[in-house]
Amino acid sequence: MEKLYQLLDGCKWLANVPDSLLSAVAIVVPILLIITVFPGIFAYTTLIERKALGRVQNRYGPNRVGRWGILQPIADGVKLLTKEDIVPRKADKFVHLLAPILAVIPSLLLFAVLPVGPGLVPVDLHIGILFVFAISTASVLALFMGGWASRNKFSLLGAMRAVAQVVSYEVPMVLAAVAVVMAAGTLSTVGIVAKQSGGFLSVTNWFVFQPWGFVGFVLFTIGAMAESARTPFDIPEAESEIIAGYHTEYSGFKFALFQLGEYLAAIAMAGITVTMFLGGYNGPGVGLKYIGPLIGVGWFFAKLMTIILVIIWIRGTWPRIRVDQLMAFAWKVLLPMSILNIVAVGLWHYMESKLWAWLVTAAWLLIWAIVLTKIGTAQNVERRTYRYAT
Amino acid sequence: MGLLGKNLFAGMAVTARNFVGSYFDGGRKERLVTYQYPEERMPLPENSRTFPFLVYDEDKDPVGTMRCVACKICEVECPPQCIYIVMDRDEKGKPRQRPKVFDIDISVCMQCQICVEVCPFEAIKMDNDYEKSQYGRFDDLVEHLPDLLKSNDYYRQIKPTEAGAVDAKLKAEKEKKAKKAAPAVVPKPVPAALAPKPAAAAAAKIAIPDDAPFTPEQRQWLSGFLSALGAGVAVPSKSVAEASASAPAEADASAAASAPAAEAPAGDWPWHDAGMGMQQRMDLVKDRSFADKLMAAMAQTDCHACGYDCRGYADAIAAGSENDLSLCLPGEAETESMLKKLMQEAGKV
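Residues numbered from 1 in each chain as written. Chains lettered and ligands numbered in written order. Predicted model: local features only at pLDDT ≥ 70, side-chain atom pairs only at ≥ 80, totals over all residues. Heavy atoms only, no water.

Caption draft 1: Representation of the overall build of chain B. A tally of helices and strands in chain B yields 16 helices and six strands. Out of the 349 residues in chain B, the part that is buried amounts to 38%. Within chain B, contacts between residues separated by at least 24 positions form 63% of all contacts whose residues are at least 6 apart in sequence. Roughly 19700 Å² of accessible area belongs to chain B as shown, and the carbon and sulfur atoms make up 58% of that amount. (Helix = DSSP H or I, 4+ residues; strand = E, 2+ residues; numbered from the N terminus. Buried < 20%, exposed > 50% of the residue type's maximum accessible area, 1.4 Å probe, protein only. Contact = heavy atoms within 4.5 Å. Areas by Shrake-Rupley, 256 points an atom, 1.4 Å probe, with all protein chains shown as cover.)

Caption draft 2: How the structure looks around helix 5 (residues 128-149) of chain A. Here helix 5 of chain A contains 22 residues, and its C-alpha end-to-end distance of 32 Å stays within 8% of the 32 Å for a straight helix at 1.5 Å per residue. A positive backbone phi angle near 55 degrees is found at Arg151(A), which sits one or two residues after helix 5 of chain A. (Expected span 1.5 Å × (residues − 1).)

Caption draft 3: Structural context of the packing of aromatic side chains. Residues and elements named next belong to chain A. A complete count under the given rule lists 18 aromatic pairs over all chains for this structure. Relative to Trp212, the ring of Phe207 has its centre 5.2 Å away and its plane inclined at 50 degrees; by these criteria the two rings are tilted. When sorted by exposure, Phe207 lands in the same class as Trp212, which is buried. When the centroid spacing of 6.1 Å and the interplanar angle of 65 degrees are considered together, the rings of Phe217 and Phe277 count as edge-to-face. Placement of the pair is Phe217 in helix 8 (residues 211-227) and Phe277 in helix 10 (residues 252-277), with a sequence separation of 60 residues. (Phe/Tyr/Trp six-rings, centres within 6.5 Å; stacked < 30°, edge-to-face > 60°.)

Caption draft 4: Expanded view of the packing of helix 14 (residues 290-297) of chain B against helix 16 (residues 332-346) of chain B. Residues and elements named next belong to chain B. Running from amino to carboxyl end, helix 14 crosses helix 16 at an angle of 160 degrees, the nearest separation of the two axes being 9 Å. Taken as axis vectors, helix 14 and helix 16 run roughly antiparallel relative to one another. Once helix 14 is placed against helix 16, the crossing between them reads as right-handed. Along the contact surface, helix 14 presents Phe290, Lys293, Leu294 and Ala297, while helix 16 presents Thr335, Met338, Leu339, Leu342, Met343 and Ala346. Tallied by class, the residues present in the contact of helix 14 with helix 16 amount to eight nonpolar, one polar and one charged. (Axes fitted to C-alpha atoms, helices over the stretch in contact; angles between N-to-C directions. Parallel < 35°, antiparallel > 145°, perpendicular 65-115°, else oblique. Left-handed = near helix turned anticlockwise from the far one by under 90°. Nonpolar A, V, L, I, M, F, W, Y, C, P; charged D, E, K, R; others polar.)

Caption draft 5: Expanded view of the pattern of salt bridges. All names here are of chain B. For the coordinates displayed, the defined rule picks out 25 salt bridges over all chains. Here Arg156 makes a salt bridge to Asp153, at a shortest N to O gap of 2.7 Å. Here Arg156 and its partner Asp153 are both found in helix 6 (residues 152-158), three residues apart, which amounts to about one turn of the helix. On the basis of relative accessible area, Asp153 is assigned to the partly exposed category, the value being 42%. With its nearest N and O atoms 3.4 Å apart, the salt bridge here joins Arg288 to Asp292. A residue is classified by how much of its surface remains accessible, and Arg288, at 22% relative accessible area, is partly exposed. Of the residues examined, Asp292 reaches a relative accessible area of 7% and is grouped as buried. Taken together, the shared-partner salt bridges connect Asp57, Arg67, Asp153, Arg156 and Asp167 into one network. (Salt bridge = Lys/Arg side-chain N within 4 Å of Asp/Glu carboxyl O.)

Caption draft 6: Geometry of unusual backbone geometry. Of note, the phi angle at Ala229(A) is positive, near 55 degrees, even though the residue is not glycine. In this structure, Gln81(B) is a non-glycine residue whose phi angle is positive, near 55 degrees. Structurally, Gln81(B) is set in the loop between helix 3 (73-77) and strand 2 (83-89).

Caption draft 7: The nonpolar core, seen in detail. If you look at the biggest cluster of nonpolar residues, it comprises 77 residues, and the most contacted ones within it are Phe38(A), Phe111(A), Tyr169(A), Trp212(A), Phe220(A), Ile267(A) and Met276(A). Ranked by residues supplied to this core, first place goes to helix 10 of chain A with 12 residues. Contact partners of Trp212(A), with chain neighbours within four places excluded, come to Ala179(A), Val180(A), Ala183(A), Phe207(A), Asn341(A), Ala344(A), Val345(A), Trp348(A) and Leu365(A). Counting residues in each nonpolar core, the second largest holds 31 residues, with Cys82(B), Ile104(B), Cys119(B) and Met126(B) among its members. (Core = buried A, V, L, I, M, F, W, Y, C linked by side-chain atoms within 4.5 Å.)

Caption draft 8: Looking closely at the sheet that holds strand 4 (residues 124-126) of chain B. Residues and elements named next belong to chain B. In spatial order, the strands read 4-1-6; together these three strands make up an open sheet with mixed pairing. The open sheet has two free edges, formed respectively by strand 4 and strand 6 (149-151), since each of these has just one partner strand. Ignoring strand direction, the axes of neighbouring strands in this sheet form an average angle of 55 degrees. Taken together, the three bridges between strand 1 (residues 52-56) and strand 6 define a ladder with parallel strand orientation. Note on strand 6: the bridge partner recorded for Val55 is Lys150. (Pairing = 2+ DSSP bridges.)

Caption draft 9: Seen up close, a positive patch on the surface. Residue and element names in this part refer to chain A. Taken together, the side chains of Arg89, Lys90, Lys93 and Arg151 make up a positively charged region of the molecular surface. Within the secondary structure, Lys93 is located in helix 4 (residues 93-110). The partly exposed category is assigned to Lys93, whose relative accessible area is 46%. (Patch = residues over 30% accessible without salt bridge, like charges linked within 9 Å, V, L, I, M, F, W, Y side chains within 5 Å. Lys, Arg positive; Asp, Glu negative; His and termini not counted. Charge placed at Lys NZ, Arg CZ, Asp CG, Glu CD.)

Caption draft 10: Representation of a nonpolar patch on the surface within the structure. All names here are of chain A. A surface patch of nonpolar side chains, about 730 Å² in accessible area, is lined by Tyr44, Ile48, Trp68, Ile70, Leu71, Ile74, Val78 and Leu309. Of note, Ile70 is situated in the loop between helix 2 (19-56) and helix 3 (72-82). Taking the relative accessible area as the measure of exposure, Ile70 reaches 40% and is therefore partly exposed.

Here you go:
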């Protein structure tokens with residue numbers, strides 16, 4: 001934003017335009033880009049998701065609207081816009097209306113600190129990562145409002161599950177991010193990406209190639225998937241159990257807004273993952289003159305889409321986990337692992353020889369990973385007896 | 001004890017193989033099994049059927065060459081009663097032996113094919129066109145004569161085997177008729193005695209025993225039902241039975257011995273049932289008047305192909321005002337020969 005302002009200010013042929021107008025333009029342009037590009041990605045992510053899930057399950061995805069179904073998101077949008085908006089008679093109408101709006105706004109705000117290319121960040125906050133977590137947690141409020149205001153058992157159950165799940169997975173996620181912040185020495189997203197630049201082909205310095213970074217990447221991805229209620233962790237909207245969870249009573253465009261918020265949060269979280277662990281826009285060719293930033297943007301979106309595709313792939317494969325398994329996994333495996341990961345970062349920081357540091361932290365994390373998964377997933381359930389069975 | 005989550009990744013390998021494989025020719029057929037309906041269609045089995053249609057022979061004149069003679073057997077037999085037929089007549093009221101109105105309500109039709117099985121003229125066949133959606137729920141789902149008429153070529157195209165058999169049968173019948181028409185002097189009972197009589201044999205076999213615990217009404221219904229079954233089994237024998245002059249007599253004798261004629265109250269005609277076989281009908285009129293016997297020889301469809309209903313035709317013959325015995329179309333040669341036999345017995349030839 002500042003850079004854009006400086007750029008505009010520096011232009012000689014804009015010298016007569018008042019500063020206030022220039023700064024307004026510098027503010028509005030990134031916002032417009034965010035609210036057009038990312039919802040566009042959202043729209044086509046839904047198409048890609050449906051097509052990929054179809055192929056995974058031995059069927060064609062949508063292929064009727066336009067060639068390869070390319071206009072399907074538009075048709076979906078038109079359909080959702082023209083659908084009747086039904087509000088339950090006993091619902092809290094104001095909160096019911098407010099919830100989907102509140103679901104979208106935090107998701108959009110997340111993109112404010114996402115550096116999509118060299119120097120291309122809407123706002124370079126010093127506390128970028130803190131901002132991300134503060135905002136992303138706010139979305140759970142929208143889910144709970146939606147569930148509560150609908151005055152529907154299934155909505156309420158879904159909302160309660162959402163709250164329990166998001167609050168639980170927030171903890172290991174933040175602690176995984178703390179490791180990155182410790183290693184980078186900054187909370188700024190731009191600073192974190194800058195720390196990962198350089199190295200061979202601008203690749204080797206990515207945090208994911210260090211033991212603690214890899215563990216942090218896995219922890220953070222799991223947490224992000226749980227927080228955006230993606231498939232193995234989609235119990236807040238488990239269709240087979242509670243219809244659609246907190247958005248059971250939503251139809252038409254309010255429903256679309258919930259979907260938009262959810263997908264935008266997932267995309268933003270994928271973006272944060274890329275920024276923190278996968279080197280952001282860093283990649284081969286990013287240091288080149290003139291076209292370097294463009295390649296950087298390309299790398300960023302390529303990594304983003306890869307993560308989204310993997311999430312879709314997981315959705316097409318894995319079954320939903322049970323509520324007790326979900327909680328046990330968060331508190332017994334992810335949380336201790338993220339704390340031990342912070343210890344690993346400390347070791348990494350204070351060991352002089354990076355080779356030794358690599359080996360020691362890798363061994364430390366591997367041992368704990370095995371121990372914790374053994375403990376955390378142990379089933380201490382008594383063998384079930386069937387009283388009336390013969 | 002394997003690595004934790006090993007099977008999760010094995011599952012991801014399976015789905016990845018599905019995903020990637022569906023984009024290559026090798027895996028495509030095996031993986032993407034969906035038929036893309038309007039463009040791709042599953043090949044229909046030859047015996048698949050949807051709704052009936054009426055066969056005509058020549059494209060130049062569909063209405064003139066249609067095989068249907070409006071005998072209304074299918075209308076009578078249709079279990080859900082979805083067929084409605086009105087005979088076409090000329091200005092004088094003489095039947096043209098073809099339908100003026102032939103409606104099939106495909107919202108009622110249950111695709112049972114009984115109309116096809118009872119049709120003596122091979123005029124109605126089952127289509128395999130399944131795209132019959134309409135916007136209206138009532139009138140749009142009633143198919144009228146122009147929609148129902150389809151050529152024999154179309155029939156050959158959709159059901160080659162069945163249509164081939166039908167064509168051969170019709171050709172044989174035509175030749176036989178031509179032969180019969182040319183040397184009219186050849187005495188009939190000679191070939192009839194040589195020909196096997198599966199229909200008669202079947203009818204005799206399924207006669208109900210005397211000691212069976214039935215009331216007369218039940219017995220009557222049951223014998224009609226069984227004879228219809230027997231006729232169904234012996235469908236190919238129809239052409240053979242054409243000249244079976246002596247067959248009914250034999251059957252009469254055996255049936256009379258085993259099953260006494262049911263007592264029918266005066267004024268109603270229990271034999272007036274198109275589902276009944278000739279033997280049963282003749283049994284029922286054994287002790288009735290000559291006109292009743294004549295009537296029982298008719299096909300009982302009241303089709304008016306002769307210009308009367310069945311009662312009227314019988315009365316006209318009995319009264320001597322009608323001399324032509326070959327007017328009953330649905331009854332075919334069976335009725336004609338039976339009428340001749342009755343006339344001979346009564347000495348009225």
